[in-house]
Amino acid sequence: MFAKLLIANRGEIASRIIRTCKRLNIQTVAIYSEPDEDSPYVKEADEAYPLGGSRVHESYLQVDKVMDIAKKADVDAIHPGYGLLSENADFAERIQSEGIAFIGPTSDVIRSMGSKVEARTTMKRAGVPIIPGTSSSTEDVDAAIKAAADIGYPIMLKASAGGGGIGMQVVNNDEELRKAYESNAKRAQMFFGDGTMFLEKKIVNPHHIEIQVLADQEGNALYLFERECSVQRRHQKVVEEAPSPFISEKTREKMGEAALKAVRALGYQNAGTVEFLVDENQQFYFLEMNTRLQVEHPVTEEITGFDLVEEQIRITYGESLRYKQNELTIHGHAIEVRVYAEDPKTFYPAPGQMTDLQLPVGDHIRHELAVHSSSFVSPFYDPMIAKCITWGETREEAIERMSYALSQYEVEGIKTNLPMLRTVLSHDVFIQGNITTNFVEEHYLKEEAK
């Protein structure tokens, strides 16, 4: 097994990786920017090294700095977590060229799935259903308008290299497309260094459902069922659960097999997630593949008993998968909520000084924390401060536990989205389980406006 591992990330995911490494007797190395010096994960690691700077481009995205620390600390593996450099193919390639193991798929696979246009082409060739749209990136807004005439409005304008909703916008006519194209292309260029855009037909009232996959270096692959991620704001997930309360067992199997088709077509290794949009008739379409661990991975762990970080490490070390597909079963139901430092009505980030943090305690209540009770929530990073996960024998029991947890959760000194989360978990539409990606706009925001 690896002796020492560097975590090229921060916050709660760094703490999460450290926890598994301690259990596997792997030494951990943390890196931190100036605002993160007092973060919990820095103290939890066996070693910690400063990167300097505050903003991500001054610190966590500085590949040379990260690699210098990795060599100084003499690590034999690097885990990228999620976000930051986790889907940067050049970073993965650099790590491997230095003789260090990258906890993730090969750089070629990351690169191919990093372009959503290329990913669509690959999935279509593999027999995975894709959303109708452009087969290549659009050259300019005039080309986009011409393509839109063939696809038909409404349309999703998307950045080829995008993620987290950046560079994405719904457009309903030529005028809206013309207005949206340039601004989204510029934003994509700023965030991803790639301003190419493409178009997809907008699926009406979709569910966002994703399949967790694991694949070893010998060609063995599993799907660990699905996660429903339809409660979103600004195209970013806020509440996730496993399994989905919407799809049938037959659809679950079809989606799982489609995800494995994608894995085989890519020669994929390690943990990954194949994301789909599912319409009202349970017809599903490939959305994207995330070549990394997902923020919402805990709900899959809760219903399967897997430690996905451990599986990632074992696969990278060269071990074979320890289970077969027919040995896997879904045990109970799990829900995760993301607690953000943000205004619960506008969803704008609300960084600042926390003065107190009280966490709920109870059976099957799990926390993944990026902060302590007197942390300063920096304006330089994603404002997620924690995740809360509950498990129950049934979905009703998981909801009941989460509702209790949210009623006991207290964060003082800054605004959070806790009021929103409490409203969502108690809403009749959520409780009924037929939640689409329109839930926040159609139910939460409208009711808040009354």
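### Topic: a nonpolar patch on the surface
Reasoning step 1: Taken together, the side chains of M190, F191 and F192 present a nonpolar region at the surface, about 320 Å² in accessible area.
Reasoning step 2: Along the chain, M190 turns up in helix α8 (residues 174–192).
Reasoning step 3: We classify M190 as exposed; its relative accessible area is 62%.

### So, the sheet that holds strand β13 (residues 284–290)
Reasoning step 1: Within the open sheet, the eight strands sit side by side as β13-β12-β9-β10-β11-β14-β19-β17. Their pairing is antiparallel. Only two strands of the sheet have a single partner each, and these edge strands are β13 and β17 (365–369). Strand-to-strand twist of the sheet, defined as the mean angle between neighbouring strand axes without regard to direction, takes the value 25°.
Reasoning step 2: Note: strand β9 (residues 207–215) against strand β10 (residues 221–233), six bridges, orientation antiparallel.

### Concerning the packing of aromatic side chains
Reasoning step 1: Evaluated as defined, the whole model comprises eight aromatic pairs.
Reasoning step 2: Aromatic side chains Y60 and Y381 sit 5.9 Å apart centroid to centroid with 75° between the ring planes, which places their arrangement in the edge-to-face category. In this pair, Y60 sits in the loop between β3 (47–50) and α3 (63–73) while Y381 sits in the loop between β18 (376–377) and β19 (384–392), placing the two residues 321 residues apart along the sequence. Each member of the pair Y60 and Y381 is classed as buried.
Reasoning step 3: Judged by centre distance (5.1 Å) and plane angle (50°), the rings of F306 and Y323 are tilted. Of this pair, F306 sits in the loop between α10 (297–304) and α11 (308–317) while Y323 sits in the loop between α11 and β14 (333–340), placing them 17 residues apart in sequence.
Reasoning step 4: By way of ring pairs, the aromatic residues Y60, F380 and Y381 are connected into one cluster.
Reasoning step 5: R233 extends its terminal NZ or CZ atom over the ring of Y340, reaching a point 4.4 Å from the ring centre.
Reasoning step 6: Just above the ring of F430 sits the side chain of R395; from NZ or CZ to the centre is 4.9 Å.

### Description of the packing of helix α6 (residues 116–126) against helix α9 (residues 249–266)
Reasoning step 1: Remark: α6 packs on α9, axes separated minimally by 9 Å, with the N-to-C direction vectors making an angle of 105°. When the axes of α6 and α9 are compared, the pair comes out roughly perpendicular. Only K261, A262, A265 and L266 of α9 make contact with α6, whose side of the interface consists of T122, M123 and A126.
Reasoning step 2: A breakdown of the residues in the contact of α6 with α9 according to their chemical character gives five nonpolar, one polar and one charged.

### Concerning the sheet that holds strand β6 (residues 155–159)
Reasoning step 1: If you trace the three strands from one edge of the open sheet to the other, you get β7-β6-β8, paired in antiparallel fashion. Only two strands of the sheet have a single partner each, and these edge strands are β7 (169–171) and β8 (197–201). Neighbour-to-neighbour, the strand axes of the sheet open up by a mean angle of 30°, direction not taken into account.
Reasoning step 2: Of the strand pairs in this sheet, β6 and β8 are connected by five bridges, and their pairing is antiparallel. In the strand pairing of β8, L157 is matched with L199.
Reasoning step 3: The sheet contacts of α8 involve β6, β7 and β8, and relative to β7 the element is tilted by about 165°.

Cut-offs used in this document
- Residues numbered from 1 in each chain as written.
- Predicted model: local features only at pLDDT ≥ 70, side-chain atom pairs only at ≥ 80, totals over all residues.
- Heavy atoms only, no water.
- Patch = residues over 30% accessible without salt bridge, like charges linked within 9 Å, V, L, I, M, F, W, Y side chains within 5 Å.
- Areas by Shrake-Rupley, 256 points an atom, 1.4 Å probe, with all protein chains shown as cover.
- Salt bridge = Lys/Arg side-chain N within 4 Å of Asp/Glu carboxyl O.
- Helix = DSSP H or I, 4+ residues; strand = E, 2+ residues; numbered from the N terminus.
- Buried < 20%, exposed > 50% of the residue type's maximum accessible area, 1.4 Å probe, protein only.
- Pairing = 2+ DSSP bridges.
- Axes fitted to C-alpha atoms, helices over the stretch in contact; angles between N-to-C directions.
- Phe/Tyr/Trp six-rings, centres within 6.5 Å; stacked < 30°, edge-to-face > 60°.
- Lys NZ or Arg CZ within 6 Å of the ring centre and 35° of its normal.
- Parallel < 35°, antiparallel > 145°, perpendicular 65-115°, else oblique.
- Contact = heavy atoms within 4.5 Å.
- Nonpolar A, V, L, I, M, F, W, Y, C, P; charged D, E, K, R; others polar.

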